[in-house]
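# Commentary on secondary and tertiary structure
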Amino acid sequence: MDFKTRLKSIENNNYYPLFFTIVFILILIQYSFSTLDAIFYDLWIKTDLGLKENKNYVVITLDEESDEFLGEVYPYTYATHSRLLKKIISDGPSSINYFVELLEPDSKIDTVYYKEFKDLVLDYQKKGGQFLFATDIDSWGEQLPPKELRELGYALGHINQDGQVFAKDEVSRRAILNISGEDSFHLQMGNFIRSKRDLPSLTAHSYKGSYYNEEADATFALYRFYTNPNEEESEIIKIPFHRVFAIPSGFFKDKYVLIGPKYAANSADFVKTPFRKEGTKSAKMSLHAVIMEALAQSKTIYQVPDFVSDIFSILIAIFLSYIISKVRPTKGLFITIMIMLGAFVGTYLLFSVGGIWLKISHIILGIFVVYYIWVPFRAIGEYQTRYAIEEEAKLLKQVDNLKRNFISLMSHDLKTPVAKIAGIADILNVQYENTKEQKQLIENIINSTKELNKFITSILDLTKIESRELTLKMASKDVNTIIENVIEKLKFEANSSRIAFQTNLSPLYPITVDVELIIRVISNLVENAIKYSGEGSTIEISTWDDDTWVYIEIKDNGVGINPDDLEHVFDKFYRVKNDSSHKIKGSGLGLYLVKYFVELHQGKIGVESQLGIGTTFTVKLKNE
């Protein structure tokens, strides 16, 4: 099996984790994770920005402190309640709501105040005030007010808790809007408050997300909190019953007053809310105010059907599977985290801005399933790919070794016949009388063997470099001396093309170099300058130093190098493409070896060139 086939088979393996992912997601969505959904739902409630605050609610509580101060016990006498009503009604509140389970009068004096209580309420109602008893339900049924007070108005004010639905954690999240065809206390008060704000009344089914439960014969809706109902954090004003009489006149004007029990010893007076599910519970009286305001602002929540979140889970799982299968693991982890954050932010914005609740548990768990299924498969795939690449690399290394050995052996074997040809040509040139044409042919043979010998030497150097067999033979030497020797050897070649050398060699201290390699570097750069300068030109060679470097600059005024070619001049086997280069012989290895030799000395080489003006090579060697 070849490398491409192996890689293709590895890519086909992506179908297996995708299959397992879809199967696991389909199994996952069959289960309800209400506890997890409740965590997110309650978090959205606590950070909800969708309701306006309202500070017109006042809760008056019957509690242990008031019992002790008044010397009475719950639910207090009608005389005390009458006195309270006189104080509140005199200020002109918008509404008064009673959550106290008042009893039938049991004495003549109690009957007198019983009637006084009723007359006070009737008079308050005639003047446009809203009075309503809020009843509750226990195992005996609905707890109705005393018979003669029922005509004042009453409605079911029961607080629903999720004991049998959703998270089943006894937390209050839903309001009862209508039961057995009768509007609840909260709905009636919500519509009354709406009328005070010049807003139209709403029916139970007009609220967003409301739904009818046949078993309970009631209409429910998830409601939003305009404030935290907890005692120390709530915006709702709370006053103990006995302290009302010390409140300045006018305090209750236009207020919505709720009167009810809050006994620390009675757990029925408290309830769990999304703000506090553990430890101390919130008082029911504060929660009644929250529900009333939520219905007044029509701030209920629409719950998206479960199948929608299931579809989202499947689509996100397929999309994420595709992404993870195509990108690197680190990038896949980043995308996974971003998708999860996007799910959090998206569902929160839906909730806070639009009042829409999309269950997120299946989506989040689906993302985890995708990641933890794909990570092992990706690890296996990466291992298989790495193994295939390693095998391919071994094969390529073997081929490269064979190639290098072949080139090395061939180059070595070529040197001998080339040397013999050069020797025979020298003998023919020196020992025999030749015609002019014969001498020219012999010169061509000698020059060609020199070119061939240079090429073979370059190939051998390249082989040494690639096999890392090249070692430096360091010695202390004056760079100027090396340059002068190179110029002397190349003078004949330069003179034949009428090229002049102009040197500006500053005095230098000797530095430690491999003399043979530096000779090769300078010779190559000067020979290139001779080749590309053209007849009658000048080659400038300069040297100078500083505390760190010795600089060698070789400048010609030839044809120059195209900017596109300039960044590749040091590449292996690269030759500049222009009309002149086709006529000039070369292997494309010269500058590659020059750069390698310079860098082997921990030096640097750079080039600058302009077309039609010339080229400058600058070599920097360590000044040490």
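One can find the structure itself at the top, above this paragraph.
The notes below deal with the structure included here. Just so you know, these numbers come straight off a predicted model, no measurement behind them.

Right, let's talk about the sheet that holds strand E22 (residues 604-610) for a bit. The five strands lie next to each other as E18-E20-E21-E23-E22, forming an open sheet whose pairing is mixed. Edge positions in the open sheet fall to strand E18 (500-505) and E22, since each of these has one partner strand only. Taking the axes of each pair of neighbouring strands and ignoring which way they run, one obtains an average angle of 10° across the sheet. Relative to strand E23 (residues 614-622), E22 is paired through seven bridges, and the arrangement is antiparallel.

Here we take up helix H3 (residues 34-46). Given a rise of 1.5 Å per residue, 13 residues ought to cover 18 Å, and the 18 Å separating the end C-alpha atoms of H3 matches this to within 8%. What H3 keeps buried is the set Ser-34, Asp-37, Ala-38, Phe-40, Tyr-41, Asp-42, Trp-44 and Ile-45.

Let us look at the pairing of strand E15 (residues 300-303). Examined bridge by bridge, strand E10 (residues 218-223) and E15 share two bridges and lie antiparallel to one another. For Leu-222, the partnering residue across the bridge sits in E15 and is Ile-301. Strand direction decides the pairing type here: E15 and strand E16 (residues 356-357), joined by two bridges, are parallel. Each residue of the ladder has a partner; that of Tyr-302, found in E16, is Ile-356.

Interhelical geometry of helix H2 (residues 15-28) versus helix H9 (residues 306-326) gives an angle of 160° and a closest axis separation of 10 Å. By the angle between their axes, H2 is roughly antiparallel relative to H9. Here H2 runs over H9; the crossing is right-handed. Residue-level contacts link Leu-18, Thr-21, Ile-22, Ile-25 and Leu-26 of H2 to Ser-313, Ile-314, Ala-317, Ile-318 and Ser-321 of H9. Residues of the contact of H2 with H9, tallied by class, amount to seven nonpolar, three polar and no charged.

Together, Tyr-16, Phe-19, Phe-20, Val-23, Phe-24, Ile-27 and Tyr-31 make up a nonpolar patch on the protein surface, roughly 740 Å² of accessible area in all. The topology assignment puts Phe-19 in helix H2. In this structure Phe-19 comes out as exposed when scored by relative accessible area, which is 52%.

In this section: the sheet that holds strand E2 (residues 95-98). On the basis of which strands lie adjacent, the open sheet formed by six strands has the order E6-E3-E2-E12-E1-E11 and parallel pairing. The sheet terminates laterally at strand E6 (154-156) and strand E11 (237-240), the two strands that pair on one side only. Shown here is a sheet whose adjacent strand axes are inclined to one another by a mean of 25°, direction ignored. Bridging between strand E1 (residues 57-62) and strand E12 (residues 256-261) involves six bridges; their strand directions are parallel. Bridging across to E12, Tyr-57 finds its partner in Tyr-256. Contacting E1, E2 and E12, helix H5 (residues 78-89) runs over the sheet at an angle of about 160° to E2. Relative to the sheet, helix H8 (residues 284-296) contacts E1, E2, E11 and E12, its axis offset from that of E12 by approximately 145°.

This next bit is on the packing of helix H7 (residues 185-196) against H8. Closest axis-to-axis distance for the H7/H8 pair is 8 Å, and the angle between their directions is 55°. With respect to H8, the axis of H7 lies oblique. In the crossing of H7 with H8, the sense of the turn from one axis to the other is right-handed. Note on element contacts: H8 touches H7 through His-288, Ile-291, Met-292, Leu-295 and Ala-296, opposite Phe-185, His-186, Leu-187, Met-189, Gly-190, Ile-193 and Arg-194.

The next point concerns the pattern of salt bridges. Under the criterion given, the structure shown has 14 salt bridges. Glu-65 is the partner of Arg-243 in a salt bridge, and the nearest nitrogen-oxygen pair spans 2.7 Å. Taken together, the residues span a long stretch of sequence, with Arg-243 in the loop between E11 and E12 and Glu-65 in helix H4 (residues 64-70) at a distance of 178 residues. For Glu-65, a relative accessible area of 37% puts it in the partly exposed group. Each of Asp-42, Asp-162, Asp-169, Arg-173 and Arg-174 takes part in one network of salt bridges that share partners.

One number sums up the size of the second largest pocket: a volume of about 570 Å³. Lining the second largest pocket are 29 residues, and of these Tyr-74, Phe-99, Glu-101, Asp-136 and Pro-261 sit closest to its centre. Of all elements in the fold, only strand E3 (130-135), strand E4 (137-138) and H8 reach the threshold of two or more residues within the lining of the second largest pocket. Here the residues of the lining of the second largest pocket are counted per class, giving 16 nonpolar, seven polar and six charged.

Cut-offs used in this document
- Residues numbered from 1 in each chain as written.
- Predicted model: local features only at pLDDT ≥ 70, side-chain atom pairs only at ≥ 80, totals over all residues.
- Heavy atoms only, no water.
- Pairing = 2+ DSSP bridges.
- Helix = DSSP H or I, 4+ residues; strand = E, 2+ residues; numbered from the N terminus.
- Axes fitted to C-alpha atoms, helices over the stretch in contact; angles between N-to-C directions.
- Expected span 1.5 Å × (residues − 1).
- Buried < 20%, exposed > 50% of the residue type's maximum accessible area, 1.4 Å probe, protein only.
- Parallel < 35°, antiparallel > 145°, perpendicular 65-115°, else oblique.
- Left-handed = near helix turned anticlockwise from the far one by under 90°.
- Contact = heavy atoms within 4.5 Å.
- Nonpolar A, V, L, I, M, F, W, Y, C, P; charged D, E, K, R; others polar.
- Patch = residues over 30% accessible without salt bridge, like charges linked within 9 Å, V, L, I, M, F, W, Y side chains within 5 Å.
- Areas by Shrake-Rupley, 256 points an atom, 1.4 Å probe, with all protein chains shown as cover.
- Salt bridge = Lys/Arg side-chain N within 4 Å of Asp/Glu carboxyl O.
- 1 Å grid on protein atoms, 1.4 Å probe; cavity = no way out; pocket = protein on both sides within 12 Å on 5 of 7 lines; lining within 4 Å.
- Points joined across faces, edges and corners; volume = space filled by probe spheres on them.

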